[in-house]
Amino acid sequence: MDSATSDRAALQATADNGLKIVVVGGFGVGKTTMVRSVSEIRPLNTEETMTRAGEAVDHLDGVQSKTSTTVAFDFGRISLDERSVLYLFGAPGQERFWFLWDRLFSGTLGAVVLVDTRRLADSWYAIDRLEHHGTPFIVACNDFGGPLHTEQQIREALDLSDDVPLVECDARDRSSSKYVLITLVEHLHALAQGRAAGPSTARPETAPEKTPEPTP
């Protein structure tokens, strides 16, 4: 387990507003890489070397070169200002660790579903669990150099509604990963504004004035 701290300054004592975001997705889609690339501190990783014992349970189709895997979660941090800090959690992708997801989703503002367009089916469970919990999310297609797909093809394959943002990214690149997080924050802000506005308040109809009855 890599839990060493970086040489950068520790979290300021004035920070009192912690915001939580989770990165989820299938096995080997780049969740650990994204947390590493964007965190301002040296992230905590729970990566372990893959062994022959896991071959029977971990499906390596498309990721045969993968030699390590997350067995709990990844953790990174980004300071937004003097009082607000973004905590970033990367969830494990293997099916045998999915039981951890419900715990990770607790208190989460929103999520990034990271996908490999060569293996879109591996992302269905992540989307299903987020929808089950009512957790807002966006979808980010990590660049693995596979065949190109149109946005409409990806939306249809993942059964995404038009109001779920869909972006492309390179999880290895800090600026690209930051763009993904900014897109999620903007999506959460738009949803919050929509809830605050509430249903449109049409002007209530006034009852017609009654004509006074003639005096006998």
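Residues numbered from 1 in each chain as written. Predicted model: local features only at pLDDT ≥ 70, side-chain atom pairs only at ≥ 80, totals over all residues. Heavy atoms only, no water.

1. A look at unusual backbone geometry
Rule in force here: Strands here are runs of E lasting at least two residues and helices are runs of H or I lasting at least four, both read from the DSSP assignment and numbered beginning at the N terminus.
One non-glycine residue with positive phi stands out, namely aspartate 159, at about 55°. For aspartate 159, the position within the fold is in the loop between helix H4 (151-158) and strand S8 (166-169).

2. Concerning the packing of helix H1 (residues 31-38) against helix H5 (residues 174-197)
Put simply, the test is: To obtain an axis, a line is fitted to C-alpha atoms, over the contacting stretch when the element is a helix, and the angle between two such axes runs from 0 to 180 degrees between their N-to-C directions. The labels follow the angle: roughly parallel below 35 degrees, roughly antiparallel above 145, roughly perpendicular from 65 to 115, and oblique for the rest. In what follows, residue pairs with any heavy atoms lying within 4.5 Å of each other are defined as contacts. By the convention adopted, Pro, Cys, Tyr, Trp, Phe, Met, Ile, Leu, Val and Ala count as nonpolar, Lys, Arg, Asp and Glu as charged, and the other residues, Gly among them, as polar.
It is the contact of H1 with H5, at a shortest axis distance of 8 Å, that shows an interaxial angle of 100°. The angle between H1 and H5 places the two elements in the roughly perpendicular class. Across from Met34, Ser37 and Val38 in H1, the residues of H5 making contact are Arg174, Ser177, Lys178, Val180 and Leu181. Grouping the amino acids of the contact of H1 with H5 by side-chain chemistry returns 4 nonpolar, 2 polar and 2 charged.

3. Things to note about the pattern of salt bridges
Counted only if it meets this: In what follows, salt bridge is the name for a side-chain nitrogen of Lys or Arg lying within 4 Å of a carboxyl oxygen of Asp or Glu. Categorising residues by exposure relies on relative accessible area from a 1.4 Å probe, with only protein chains included: less than 20% of the type maximum marks a residue as buried, more than 50% marks it as exposed, and the intermediate range marks it as partly exposed.
The final tally for this structure, using the stated rule, is 6 salt bridges. When the shortest N-O distance is used, the salt bridge between arginine 77 and glutamate 40 registers 3.1 Å. Of this pair, arginine 77 sits in strand S4 (residues 74-79) while glutamate 40 sits in the loop between H1 and strand S2 (47-49), and the two are 37 residues apart along the sequence. Across the pair, glutamate 40 and arginine 77 agree in class, each one buried. Each of Asp116, Arg118, Arg119 and Asp122 takes part in salt bridges that share partners, so that together they form one network.

4. Quick notes on the sheet that holds S4
What counts is decided by this rule: We treat two strands as partners when DSSP finds at least two bridges between them.
In space, the 6 strands of this open sheet follow the order S4-S5-S1-S6-S7-S8, with mixed pairing throughout. With one partner strand each, in any of the chains shown, S4 and S8 form the two edges of the open sheet. Each neighbouring strand pair of the sheet contributes to a mean axis angle of 25°, computed without reference to strand direction. Alignment of strand S7 (residues 137-142) against S8, held across 4 bridges, turns out to be parallel. Note that in S8 the partner of asparagine 142 across the bridge is cysteine 169. Packing against the sheet, H5 makes contact with strand S1 (17-25), S4, strand S5 (84-90), strand S6 (110-116), S7 and S8, and its axis sits at approximately 160° to S7.

5. Focus: the side chain of asparagine 142
Put simply, the rule reads: Under the rule applied, a polar contact is a pair of N or O atoms within 3.5 Å (in protein, one hydrogen donor and one hydrogen acceptor; residues adjacent in sequence only if both atoms are side-chain atoms).
Inspection of the secondary structure puts asparagine 142 in strand S7. Of note is the side chain of asparagine 142, whose polar atom sits 2.9 Å from the backbone oxygen of valine 29. If we skip the residues at most four places from it in the chain, asparagine 142 touches Val29, Gly30, Leu114, Val115, Cys169, Asp170 and Ala171.

6. With respect to the nonpolar core
This is how it is decided: Remark: nonpolar core denotes a set of buried residues (Ala, Val, Leu, Ile, Met, Phe, Trp, Tyr, Cys) joined through side-chain atoms within 4.5 Å.
Val24, Val113, Phe137, Val139 and Leu158 are the most contacted members of the largest nonpolar core, which has 22 residues in total. Of all elements in the fold, only S1, helix H2 (101-105), S6, helix H3 (124-133), S7 and H4 reach the threshold of two or more residues within this core. Residue contacts for valine 24: discarding those within four places in its chain leaves Lys31, Ala91, Trp101, Phe105, Val112, Val113, Leu114, Ala126 and Leu130. Grouped together as the second largest cluster of nonpolar side chains are 20 residues, Val23, Val35, Cys169 and Leu188 included.

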